[in-house]
Amino acid sequence: MNMLQDDNIDNAISVFRSDRQFVDNSNSGIPPRPPRNSPEDASPASDRQTAAPNAGVKMYNLVILIIDIVAMLVRWIYHTLESFYRLVVPPAADTVHTDIVLITGAGHGMGRCMALQYAQLGATVVCVDINEKMNADTVATIRQQRGNAFGYVCDVTNRQQIIETAQQIRQEVGTVTILVNNAGIMPTHPLLQQTEPEIRKTFEINVMAHFWLLQSYLPGMLEKNRGYIVAMSSVAGLCGLNNLVPYCGSKFAVRGIMEALAEELRQDARKPNIKFTTVYPYMVDTGLCKRPHMRFPNLMRLVKPEEAAAAIIDGQRRGLVDVSIPKYLLYLNTIIRVFPIKVGTLLRDFLDSGVESDL
């Protein structure tokens with residue numbers, strides 16, 4: 001599998017490529033073609049002389065285009081085969097015992113479970129939550145288990161608080177190398193019954209907080225040239241669901257933020273070693289889903305927060321870009337979107353899974 005790595009392909013292509021001086025001569029020092037009415041172009045012989053280079057340029061460009069297409073197809077086939085291979089043999093899990101892991105919403109639910117499990121793996125855990133008592137309990141539990149943990153109270157909707165807390169954490173703990181954007185809320189009732197404060201708060205916590213946290217902790221990762229960013233989207237970030245219109249919008253936004261930021265850093269000239277994992281959990285039994293319903297409870301049961309936390313950490317350690325819980329949901333969504341929209345609607349009606357209004 002290593003024979004077709006991108007670097008090897010690039011080296012092979014470079015053998016066939018020049019600097020493409022014939023494509024754009026504006027910076028090559030070659031004088032522009034004289035106008036038609038100049039003495040140089042007065043005879044048919046001069047027309048024949050200029051026609052030959054033009055044909056050569058076209059042929060050169062055609063050869064380069066063919067090489068580019070062939071190289072793209074080779075990479076396409078390689079990455080496709082690699083993805084199937086990784087379904088059977090996943091990447092090795094990285095160790096985290098030298099990492100500083102910051103988790104928002106660490107006072108309860110998946111955040112608390114992730115904090116405990118990261119600590120058991122030897123990581124230094126920074127617990128951040130707006131609820132001081134619950135956050136302190138998570139920190140105390142980790143320390144009782146001889147883990148290393150620190151707690152900070154922070155409202156993730158307050159950008160200035162996030163910046164100040166980040167500065168304090170860097171001074172007292174060190175540079176965060178794994179950022180887990182976990183905090184979120186989920187009002188579950190029809191859009192026309194959702195108030196303006198509810199909708200604004202949903203986006204401030206579920207979306208805007210990601211920007212402020214990324215701006216606060218990504219620079220430190222870039223300095224160390226090492227970092228992991230984990231963000232909680234949702235199955236509601238893969239498809240629209242009843243009674244969850246603002247929530248779905250916020251989780252689709254998280255998916256877009258992560259994809260765009262990963263692409264931005266991929267094109268960064270520094271080629272930073274920053275990895276991204278976006279998580280799409282099904283309904284997790286943390287209390288956010290107050291009135292869930294499902295036609296097939298054995299197939300689509302509520303996920304336990306401990307199971308979800310273990311899957312998230314495993315995905316991050318293996319460098320997976322997308323993690324759905326259960327795992328098959330991401331593949332199912334990808335396959336269904338190949339078919340007409342009405343096919344997806346038929347499957348949705350057949351499974352009949354979602355949340356009732358909490359009003």
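The structure presented is a predicted model; accordingly, all values stated were derived computationally and were not measured.

Q: I'd like to hear about the sheet that holds strand 8 (residues 322-325), residue by residue, with values.
A: Within the open sheet, the seven strands sit side by side as 3-2-1-4-5-6-8. Their pairing is parallel. Taken across any chain shown, the strands that pair with only one partner, and hence form the sheet edges, are strand 3 (148-153) and strand 8. Taken over all neighbouring pairs, the strand axes of this sheet differ in orientation by 15° on average, direction set aside. Note: strand 2 (residues 124-129) against strand 3, six bridges, orientation parallel. By the bridge assignment, Asp 129 is partnered in strand 3 with Val 153. Sheet contacts for helix 5 (residues 159-172): strand 1 (100-104), strand 2 and strand 3; angle to strand 3, the most-contacted strand, approximately 155°. Together, strand 6 (274-281) and strand 8 form the strand contacts of helix 9 (residues 328-336), whose direction differs from that of strand 8 by roughly 105°.

Q: Can you tell me about the packing of helix 3 (residues 109-120) against helix 4 (residues 132-144), naming the residues and giving the values?
A: Two elements in contact, helix 3 and helix 4, have axes separated by 10 Å at closest approach and are oriented at 20°. With respect to helix 4, the axis of helix 3 lies roughly parallel. Here the hand of the crossing between helix 3 and helix 4 comes out right-handed. Here Arg 112, Ala 115, Leu 116 and Ala 119 of helix 3 lie close against helix 4, whose contacting residues are Asp 137, Thr 138, Thr 141 and Ile 142.

Q: Outline the side chain of Asn 206, listing residues and values.
A: Mapped onto the elements of the fold, Asn 206 is located in helix 6 (residues 196-224). Residue Asn 206 is classed as buried on the basis of its relative accessible area of 0%. A polar atom in the side chain of Asn 206 sits 3.2 Å from the side chain of Ser 250. If near-sequence neighbours (up to four positions away) are discounted, Asn 206 is found in contact with Ala 183, Gly 184, Ile 185, Tyr 247, Ser 250, Lys 251 and Val 254.

Q: Any chance you could break down the packing of helix 3 against helix 8 (residues 305-317) for me, citing the residues and the numbers?
A: Taken N-terminus to C-terminus, the directions of helix 3 and helix 8 make an angle of 55°; their axes are 8 Å apart at the nearest point. One way to sum up the angle between helix 3 and helix 8 is to call them oblique. Note that helix 3 runs across helix 8; the crossing there is right-handed. Where helix 3 approaches helix 8, its residues Gly 109, Met 110, Cys 113, Met 114, Gln 117 and Tyr 118 are matched on the opposing element by Pro 305, Glu 306, Ala 308, Ala 309, Ala 310, Ile 312, Ile 313 and Gln 316. A class-by-class count of the residues in the contact of helix 3 with helix 8 yields ten nonpolar, three polar and one charged.

Q: I'd love a proper account of the pattern of salt bridges, names of residues and values included.
A: All told, the structure shown has nine salt bridges when counted by the stated rule. With its nearest N and O atoms 2.3 Å apart, the salt bridge here joins Asp 99 to Arg 226. Of this pair, Asp 99 sits in the loop between helix 2 (44-88) and strand 1 while Arg 226 sits in the loop between helix 6 and strand 5 (227-232), placing them 127 residues apart in sequence. With a relative accessible area of 26%, Arg 226 lands in the partly exposed category. Among the ionic pairs, Glu 223 bridges to Arg 170, the shortest N-O distance being 2.6 Å. Placement of the pair is Glu 223 in helix 6 and Arg 170 in helix 5, with a sequence separation of 53 residues.

Q: Please provide a residue-by-residue account of the nonpolar core, values included.
A: Judged by nonpolar contacts, the single largest core of 45 residues is most densely connected at Ile 103, Met 114, Tyr 118 and Val 180. What Ile 103 contacts, discounting residues up to four positions off in sequence, is Gly 111, Met 114, Ala 115, Tyr 118, Val 125, Val 126, Cys 127, Val 128, Val 180 and Asn 182. Of all hydrophobic cores here, the second largest spans 31 residues; its members include Ile 100, Val 126, Leu 213 and Val 254.

Q: Could you give an account of the confidence of the model for the protein, naming the residues involved and the relevant values?
A: Predicted confidence across the protein gives a mean pLDDT of 87, with 85% of residues reaching 70 or more. Across residues 38-42, confidence stays below pLDDT 50; counting only partners more than four residues off in sequence or on other chains, it has eight contacts.

Q: Just give me the short version of the state of the cysteines, but keep the residues and values in it.
A: Applying the stated criterion to the full structure yields zero disulfides. For the unlinked cysteine Cys 248, the closest cysteine sulfur is that of Cys 239, found at 7.0 Å.

Thresholds applied
- Residues numbered from 1 in each chain as written.
- Predicted model: local features only at pLDDT ≥ 70, side-chain atom pairs only at ≥ 80, totals over all residues.
- Heavy atoms only, no water.
- Pairing = 2+ DSSP bridges.
- Helix = DSSP H or I, 4+ residues; strand = E, 2+ residues; numbered from the N terminus.
- Axes fitted to C-alpha atoms, helices over the stretch in contact; angles between N-to-C directions.
- Contact = heavy atoms within 4.5 Å.
- Parallel < 35°, antiparallel > 145°, perpendicular 65-115°, else oblique.
- Left-handed = near helix turned anticlockwise from the far one by under 90°.
- Buried < 20%, exposed > 50% of the residue type's maximum accessible area, 1.4 Å probe, protein only.
- Polar contact = N/O pair within 3.5 Å; in protein donor to acceptor, adjacent residues only side chain to side chain.
- Nonpolar A, V, L, I, M, F, W, Y, C, P; charged D, E, K, R; others polar.
- Salt bridge = Lys/Arg side-chain N within 4 Å of Asp/Glu carboxyl O.
- Core = buried A, V, L, I, M, F, W, Y, C linked by side-chain atoms within 4.5 Å.
- pLDDT = per-residue confidence, 0-100.
- Disulfide = S-S within 2.5 Å.

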